[in-house]
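Below, each chain spelled out in residue letters.
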Amino acid sequence: MIWEYQLMHHTLKPCSAGIGLGSHDLGVATHSAELYNDGLFPVLVFTGGNSPTTAARFPQGEAVHYRARAMELGVPDSAILVEPNAANTGQNVAFSREVLAAARIPVSSVLVVCKPYEERRSFATFRQLWPEVEVVCASEPVEFRDYIAGIGDAKLIIDMLTGALQRVILYSDKGFTIPQEVPDDVRAAFDRLSAAGFDSRLIRS
């Protein structure tokens, strides 16, 4: 239920730039490359430094490893901008804007590529912090069980899914995102998962 809620189901359209949000999931880089190869944007920003969940897997930083993966899939180096410092989604937005501005690339729309369960928060964050551009979100088209099988750690993914939803609920009050309506059954699912111990990614009061 939470997985489906997080998906924005946006209709993809050509945008000024693609922005791939760094994480533990190399599928974000793969899908970003696929969208570039489909002609949906002329330039691709990969943004992200490291976090406790990515430092061992991507020792050079998330964005750097994403760039290497995209180039393996045919994206030319000249089409990729690397932003290697962002440590959260707000910084992904701010630092990507700076990189695109420095490259003198005019931006009226962005296609944001992220993990499936981070689509809604990514959309809400971009709309809050970069309101003058149109925001389209995309993620690897994969079913929940198949995603868990690909990552290989069900507890980690459900923990992250629960944490992502908590941030959708809380972050608009902090000014980090635009508000998102959260249906009662989705809130109830969050409560059940939190009570069942899927809580390692929750913000503690």
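Read on for an overview of the structure. (Residues numbered from 1 in each chain as written. Predicted model: local features only at pLDDT ≥ 70, side-chain atom pairs only at ≥ 80, totals over all residues. Heavy atoms only, no water.)

### A word on the sheet that holds strand 2 (residues 44-47)
The pairing of strands in a sheet happens through backbone hydrogen bonds and is either parallel or antiparallel.
Link 1 in the chain: If you trace the five strands from one edge of the open sheet to the other, you get 3-2-1-4-5, paired in parallel fashion. In this open sheet, the two edge strands, each paired with only one partner strand, are strand 3 (80-83) and strand 5 (134-138). For this sheet, the mean angle separating the axes of adjacent strands, direction not counted, is 25°.
Link 2 in the chain: As defined by bridge partners, strand 1 (residues 17-21) adjoins strand 4 (residues 109-113) across four bridges and the pair is classed as parallel. Bridge pairing in strand 4 links glycine 20 to valine 113.
Link 3 in the chain: Sheet contacts for helix 3 (residues 62-72): strand 1, strand 2 and strand 3; angle to strand 3, the most-contacted strand, approximately 160°. (Pairing = 2+ DSSP bridges. Helix = DSSP H or I, 4+ residues; strand = E, 2+ residues; numbered from the N terminus. Axes fitted to C-alpha atoms, helices over the stretch in contact; angles between N-to-C directions. Contact = heavy atoms within 4.5 Å.)

### Quick word on the pattern of salt bridges
Link 1 in the chain: Considering all chains together, one arrives at seven salt bridges under this definition.
Link 2 in the chain: One salt bridge connects glutamate 118 with arginine 121, and the closest N-O pair in it is separated by 3.1 Å. Arginine 121 matches glutamate 118 in its accessibility class, with the two residues each being buried.
Link 3 in the chain: Of the charged contacts in the structure, one is a salt bridge between arginine 204 and aspartate 199, with a shortest N-O distance of 3.7 Å.
Link 4 in the chain: Judged by relative accessible area, which is 57%, arginine 204 ranks as exposed.
Link 5 in the chain: Owing to a relative accessible area of 25%, aspartate 199 belongs among the partly exposed residues under this scheme. (Salt bridge = Lys/Arg side-chain N within 4 Å of Asp/Glu carboxyl O. Buried < 20%, exposed > 50% of the residue type's maximum accessible area, 1.4 Å probe, protein only.)

### Quick notes on the packing of aromatic side chains
Link 1 in the chain: Tallied over the entire structure, the rule returns eight aromatic pairs.
Link 2 in the chain: Judged by centre distance (5.2 Å) and plane angle (50°), the rings of tryptophan 3 and phenylalanine 144 are tilted. Linking tryptophan 3 in helix 1 (residues 2-6) with phenylalanine 144 in helix 6 (residues 144-151), this pair joins segments that are 141 residues apart in sequence.
Link 3 in the chain: Given the relative accessible area of 26%, phenylalanine 144 is considered partly exposed.
Link 4 in the chain: Seen in terms of ring centroids, tyrosine 117 and tyrosine 147 are 6.0 Å apart; in terms of plane orientation they differ by 80°. Their pairing is edge-to-face. Linking tyrosine 117 in the loop between strand 4 and helix 5 (119-129) with tyrosine 147 in helix 6, this pair joins segments that are 30 residues apart in sequence. You'll find tyrosine 117 and tyrosine 147 in the same group, each marked buried.
Link 5 in the chain: An aromatic cluster is built from Trp3, Tyr117, Phe144 and Tyr147, whose rings are joined through pairwise contacts.
Link 6 in the chain: The ring of tyrosine 5 is capped by arginine 120, whose NZ or CZ atom sits 4.1 Å from the centre of that ring. (Phe/Tyr/Trp six-rings, centres within 6.5 Å; stacked < 30°, edge-to-face > 60°. Lys NZ or Arg CZ within 6 Å of the ring centre and 35° of its normal.)

### Thoughts on the side chain of threonine 162
Link 1 in the chain: Mapped onto the elements of the fold, threonine 162 is located in helix 7 (residues 154-170).
Link 2 in the chain: On the basis of relative accessibility, which here comes to 0%, the residue threonine 162 falls in the buried class.

### Quick notes on helix 2 (residues 27-37)
Since the α-helix turns once every 3.6 residues, residues separated by three or four places project in the same direction.
Link 1 in the chain: Burial of helix 2 is extensive: nine of the 11 residues sit out of reach of the surface.
Link 2 in the chain: On the buried face of helix 2, the contacting elements are strand 1, strand 2, helix 3, strand 4 and strand 5.
Link 3 in the chain: Looking one or two residues beyond helix 2, the residue adopting positive phi is glycine 39, at roughly 85°.

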